[in-house]
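Results of the structural survey
Chain residues, written in single-letter form:
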Amino acid sequence: MKKAEIKLAIELDDQNIPETITWESTDNEKKEAVPAKAFMLAIWDHNYQNTLKIDLWTKEMPVDEMKRFFYETLMTMGDTFQRATGETAIVEDLRDYCAHFAEKMEVTKQS
């Protein structure tokens, strides 16, 4: 059985606000920490039937990038939900909402 680990490192200022975020994975061939400006982690807790979550972003995360980050995350969640459940119709609704979100937040699609 293969085992992989993901490590997050967060440097905080004196008020516990993230200054830097880096992550690394044992699956990464380069074996070096990669900088990030934000991350969201959601873990399903079967015993409590709810989600445990952590979401952090650095002081340097621009608002326009945060909007794009949310757009990309919502789109990815739709893809994941469709793969996990086969529910195509509701995912199309979510994608429609994502298009609305992108328009309202002035998030432009990048190729």
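Residues numbered from 1 in each chain as written. Predicted model: local features only at pLDDT ≥ 70, side-chain atom pairs only at ≥ 80, totals over all residues. Heavy atoms only, no water.

**Structural notes on the packing of aromatic side chains**
Following the criterion strictly, the structure yields 2 aromatic pairs and no others. Taking the centre distance of 6.4 Å and the plane angle of 85 degrees together, the rings of Phe69 and Phe70 count as edge-to-face. According to the relative accessible area criterion, Phe69 is partly exposed, its value standing at 22%. Classification of Phe70 by relative accessible area gives partly exposed; the value is 37%. Note on Tyr97 and Phe101: the rings are 6.2 Å apart at their centroids and 50 degrees apart in plane angle, and the pair reads as tilted. Of this pair, Tyr97 and Phe101 both sit in helix α2 (residues 88-104), 4 residues apart, which is roughly one turn of that helix. (Phe/Tyr/Trp six-rings, centres within 6.5 Å; stacked < 30°, edge-to-face > 60°. Buried < 20%, exposed > 50% of the residue type's maximum accessible area, 1.4 Å probe, protein only. Helix = DSSP H or I, 4+ residues; strand = E, 2+ residues; numbered from the N terminus.)

**Description of the domain arrangement of the chain**
Each assigned domain of the chain is listed here: domain 1 (1-59) and domain 2 (62-105). Put simply, the middle of domain 1 and the middle of domain 2, counted by C-alpha atoms, are 21 Å apart. Domain 1 puts 5 residues into the contact, and the matching count from domain 2 is 6 residues. Between domain 1 and domain 2 the total buried area reaches about 430 Å² when both faces are included, carbon and sulfur atoms providing 82% of it. Interface area lost by domain 1 to domain 2 is led by Lys37, Ala38 and Met40, which between them contribute 83%. Counting every contact that joins domain 1 to domain 2 gives 1 salt bridge. In this structure, the salt-bridge partner of Glu65 is Lys37, at a minimum N-O distance of 3.4 Å. Summed over the shared surface of domain 1 and domain 2, the number is 1 residue pair in polar contact (both at pLDDT 80 or more). Tallying contributions element by element places strand β4 (residues 38-45) first for the side of domain 1 that touches domain 2, with 3 residues. In the side of domain 1 that touches domain 2, the residues fall into 4 nonpolar, no polar and 1 charged. (Domains from an automatic or database assignment. Contact = heavy atoms within 4.5 Å. Buried area = accessible area lost by both parts, 1.4 Å probe. Salt bridge = Lys/Arg side-chain N within 4 Å of Asp/Glu carboxyl O. Polar contact = N/O pair within 3.5 Å; in protein donor to acceptor, adjacent residues only side chain to side chain. Nonpolar A, V, L, I, M, F, W, Y, C, P; charged D, E, K, R; others polar.)

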